[in-house]
Amino acid sequence: MFTDTNPYFSVPHPFTAYLSLWPSSEPLPSEMALRSMQSLGIQLLSEVKTLEANCLLQLRHLDNDAKVVVDFLKLQSRKVDLVLQHVLEKETQEGEKCIGNQFGGSGLRLLTPTALDIGSNYKITLFIHDELVAILCFGKVTSSTAQKTLSTESSANSNTNSGDTQSHEFNTQAELQSPATQWQTDFEFSQILEADVEQLVKASLNVQQKQLKLRKLARDERQ
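Residues numbered from 1 in each chain as written. Predicted model: local features only at pLDDT ≥ 70, side-chain atom pairs only at ≥ 80, totals over all residues. Heavy atoms only, no water.

Draft legend 1. Geometry of the pattern of salt bridges. Per the counting criterion, the structure on display carries five salt bridges. Between Glu-94 and Lys-123 there is a salt bridge, with the nearest N and O atoms lying 3.1 Å from each other. Pair noted here: Glu-94 is in the loop between helix 3 (67-90) and strand 2 (96-104) and Lys-123 is in strand 4 (residues 121-128), with a separation of 29 residues, a long-range link. A relative accessible area of 15% places Lys-123 in the buried class. When the shortest N-O distance is used, the salt bridge between Glu-188 and Lys-140 registers 3.4 Å. (Salt bridge = Lys/Arg side-chain N within 4 Å of Asp/Glu carboxyl O. Helix = DSSP H or I, 4+ residues; strand = E, 2+ residues; numbered from the N terminus. Buried < 20%, exposed > 50% of the residue type's maximum accessible area, 1.4 Å probe, protein only.)

Draft legend 2. Looking closely at the layout of surface pockets. Space inside the second largest pocket adds up to approximately 180 Å³. Every residue along the wall of the second largest pocket is listed here: Tyr-18, Ser-20, Met-37, Ser-39, Ile-42, Glu-91, Thr-92, Gln-93, Glu-94, Lys-123, Thr-125 and Leu-136. Only strand 1 (10-21) and strand 4 provide two or more residues apiece to the lining of the second largest pocket. Among the residues making up the lining of the second largest pocket, the classes are represented as four nonpolar, five polar and three charged. (1 Å grid on protein atoms, 1.4 Å probe; cavity = no way out; pocket = protein on both sides within 12 Å on 5 of 7 lines; lining within 4 Å. Points joined across faces, edges and corners; volume = space filled by probe spheres on them. Nonpolar A, V, L, I, M, F, W, Y, C, P; charged D, E, K, R; others polar.)

Draft legend 3. Structural view of the nonpolar core. Within the largest apolar cluster, 24 residues are counted, with the highest numbers of intra-cluster contacts made by Phe-103, Leu-108, Ile-124, Leu-126, Phe-187 and Leu-200. Every element with two or more residues in this core is listed here: strand 1, strand 2, strand 3 (107-112), strand 4, strand 5 (133-150), strand 6 (179-191) and helix 5 (194-222). Those residues in contact with Leu-126, other than ones at most four positions away along the chain, are Phe-15, Thr-16, Ala-17, Leu-108, Val-133, Ala-134, Ile-135, Cys-137 and Leu-200. Trp-22, Leu-88, Leu-136 and Phe-138 belong to the second-largest nonpolar core, a separate cluster that totals twelve residues. (Core = buried A, V, L, I, M, F, W, Y, C linked by side-chain atoms within 4.5 Å. Contact = heavy atoms within 4.5 Å.)

Draft legend 4. Molecular detail of unusual backbone geometry. At Leu-132, a position not held by glycine, the phi torsion is positive, near 55 degrees. Assignment of secondary structure puts Leu-132 in the loop between strand 4 and strand 5.

Draft legend 5. Molecular detail of the pairing of strand 1. Here eight bridges tie strand 1 to strand 2, and the two strands are oriented antiparallel to one another. If you follow Val-11 over to strand 2, its bridge partner there is Phe-103. (Pairing = 2+ DSSP bridges.)

Draft legend 6. Structural view of the pairing of strand 3. With five of six residues buried, strand 3 is to be regarded as a mostly interior element. Pairing between strand 2 and strand 3: four bridges, direction antiparallel. The partner of Phe-103 across the bridge, within strand 3, is Leu-108. Once strand 2 ends, the chain turns through two residues before running back antiparallel as strand 3.

Draft legend 7. Representation of the packing of aromatic side chains. Applying the stated rule across the entire model yields four aromatic pairs. Here the aromatic rings of Phe-15 and Phe-103 are separated by 6.0 Å at their centres, their planes lie at 85 degrees, and the arrangement is edge-to-face. Pair noted here: Phe-15 is in strand 1 and Phe-103 is in strand 2, with a separation of 88 residues, a long-range link. Each member of the pair, Phe-15 together with Phe-103, is buried. A ring pair is formed by Tyr-18 and Phe-127, whose centres lie 6.2 Å apart and whose planes are at 85 degrees; its orientation type is edge-to-face. Taken together, the residues Tyr-18 in strand 1 and Phe-127 in strand 4 connect sequence positions 109 residues apart. Of the residues examined, Tyr-18 reaches a relative accessible area of 16% and is grouped as buried. Overall, Phe-127 belongs to the buried group, its relative accessible area being 12%. (Phe/Tyr/Trp six-rings, centres within 6.5 Å; stacked < 30°, edge-to-face > 60°.)

The values are spatial; any link to function lies outside them.
Below, the structure is given as structure tokens:
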């Protein structure tokens, strides 16, 4: 997924995704079928974003005096997006919840609790909260690599013997140092609407710009 051969770059950024394994015996849905599988909230948000983009594109041709109007319309459109996203978050989502840490127009990267089979297809509902993006798509697993992390969770049962302080401290230290395995799993999109690709590309550019600004501020503060 994250190679130079991909037509789109990707950015590191946290988001939420829900995975459902797609049966290998069934073909991937067509574009029309994919649209029909979208929840009402995703449909509304997608339609609103399309209308907003078309409207703002036309307003760019106005003179500088119209800038106040354009800014006001952008504010109103963001309010609508926030309301729709709130509705989406209240919907019951299908599939296993996973945390993502990288996305782009070609695919995404998730942390999964187990290794996923290379080449298998998953139905994915992803939410990028900061960018007001909600998308239903399909992704094919291209890699799944074990990632060792230190567990910071302490067991409630290890504190049952309060009289043995030394034993409790030893158990706590062992728990803190015990590795917990997550799998860094990459997906390339196997079915996704073109409008949703554009959403992801735009969101990745916005995230990159924000990251560059933060780096510049950090450098200025050190000087």
